[in-house]
Amino acid sequence: HHAIKHYLRWTRKQVEECLNWDVITRMKLTSLMKHIKFPVESDKEKELDILIDKLYPKHHKSALKGPTLSVYRKILAGERAKFPKGYFDGTEGMYRSIICFQYMITRMKPFDNVEDMYKFFATSKGSAALKKYKLGIVSNSLYETPIDYLHVSLPSEHKSNFLYHMYKFNLLHKKMISEKRSKK
């Protein structure tokens, strides 16, 4: 970032338009490229776009959307068996899980309102939907319950802390009662 900002004095727009492998080579920055962690789904052609997104982190979240949706669509289509190893690790992994969940919601039956979504994911139907859309393992490994996955994935203008806590309480209460019954 320092080299581009201070030596080239380029804006983000200029970087997007002009940065290429030739510029990186001429500035003797190729050795630094091996120290940058690129997402597992990237390839050499896309590394420059990813590099630009890493240079300008406030735009980084949106940069994950395209590659993540590409991998997820291949999984849904059966072209790929599973997500890459470590795909949902760390902050980027959390963003990827949210992107996949939001895409899943757009593919499901339309919900009439936000409460219907909370109600749905507080039942076994929510778990079944996650399995159907190949996100069951993601949900189980990252979130305590499907309703947690929903709540984290909703845009802030659609989140309802009241509905989240109410349905989560009901879900955990039912689970506790069924566990007590099974011990008898």
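What you see is a predicted model, and the numbers here were worked out from it, not measured in a lab.

> Help me understand unusual backbone geometry in this model?
For residues that are not glycine, phi is negative in most cases, and the peptide bond is trans in most cases. Notably, arginine 9 is not glycine yet its phi reads approximately 55°, a positive angle. What makes arginine 9 exposed here is its relative accessible area of 66%. Despite not being glycine, lysine 134 shows a phi value in the positive range, around 60°. Considering the arrangement of structural elements, one finds lysine 134 in the loop between helix H9 (124–132) and helix H10 (136–142). On the basis of relative accessible area, lysine 134 is assigned to the partly exposed category, the value being 45%.

> Help me understand the packing of aromatic side chains, please; the structure alone is not making it clear to me.
Any two aromatic rings considered together are summarised by their centre-to-centre distance and by the angle between their planes. Across all of its chains, the model carries 10 aromatic pairs by this definition. When the ring of phenylalanine 83 is compared with that of tyrosine 87, the centres are 5.6 Å apart and the planes differ by 20°; the resulting orientation is stacked. Judged by its relative accessible area of 14%, phenylalanine 83 falls in the buried class. Relative to phenylalanine 121, the ring of phenylalanine 120 has its centre 5.1 Å away and its plane inclined at 80°; by these criteria the two rings are edge-to-face. There is no split in this pair, since phenylalanine 120 and phenylalanine 121 are both buried. Here the aromatic residues Phe101, Phe111, Phe120, Phe121, Tyr143 and Tyr149 are joined through ring pairs into a cluster of three or more. One Lys or Arg, arginine 96, reaches over the ring of tyrosine 87 and ends 4.5 Å from the middle of that ring.

> So what exactly am I meant to see when it comes to the packing of helix H11 (residues 146–153) against helix H12 (residues 161–183) here?
Axes are the key here: two packed helices are described by the angle between their axes and the distance separating the axes. Their axes nearest at 10 Å, the elements H11 and H12 cross at an angle of 170°. For the element pair H11 / H12, the angle class is roughly antiparallel. In this structure, H11 contributes Ile147, Asp148 and His151 to the contact, and H12 contributes Asn161, Tyr164, Tyr167, Lys168 and Leu171. Each residue belonging to the contact of H11 with H12 can be placed in one class, and the counts come to 4 nonpolar, 2 polar and 2 charged.

> Looking at this model, I keep getting lost on the environment of lysine 159. Mind explaining?
For lysine 159, the position within the fold is in the loop between H11 and H12. Here the alpha-carbon distance between lysine 159 and tyrosine 118, two residues 41 residues apart in the chain, equals 9.6 Å. Apart from residues lying up to four places away in sequence, lysine 159 is in contact with Tyr118, His151, Val152 and Leu154.

> Would you explain the nonpolar core in this entry?
Inside soluble globular proteins, nonpolar side chains tend to come together where they are buried. In this structure, Phe83, Met104, Met108, Phe121 and Leu135 are the most contacted members of the largest nonpolar core, which totals 35 residues. Listing elements by their share of this core, those giving two or more residues are helix H6 (60–77), helix H7 (90–107), helix H8 (114–121), H9, H11 and H12. With 7 residues, the single largest contributor to this core is H7. When sequence neighbours within four positions are dropped, the list of residues in contact with leucine 135 reads Tyr72, Phe83, Cys100, Phe101, Met104, Leu130 and Tyr149. Ranked by size, the runner-up nonpolar core spans 12 residues in total, among them Ala3, Met33, Leu48 and Leu55.

About the criteria used
Residues numbered from 1 in each chain as written. Predicted model: local features only at pLDDT ≥ 70, side-chain atom pairs only at ≥ 80, totals over all residues. Heavy atoms only, no water. Buried < 20%, exposed > 50% of the residue type's maximum accessible area, 1.4 Å probe, protein only. Helix = DSSP H or I, 4+ residues; strand = E, 2+ residues; numbered from the N terminus. Phe/Tyr/Trp six-rings, centres within 6.5 Å; stacked < 30°, edge-to-face > 60°. Lys NZ or Arg CZ within 6 Å of the ring centre and 35° of its normal. Axes fitted to C-alpha atoms, helices over the stretch in contact; angles between N-to-C directions. Parallel < 35°, antiparallel > 145°, perpendicular 65-115°, else oblique. Contact = heavy atoms within 4.5 Å. Nonpolar A, V, L, I, M, F, W, Y, C, P; charged D, E, K, R; others polar. Core = buried A, V, L, I, M, F, W, Y, C linked by side-chain atoms within 4.5 Å.

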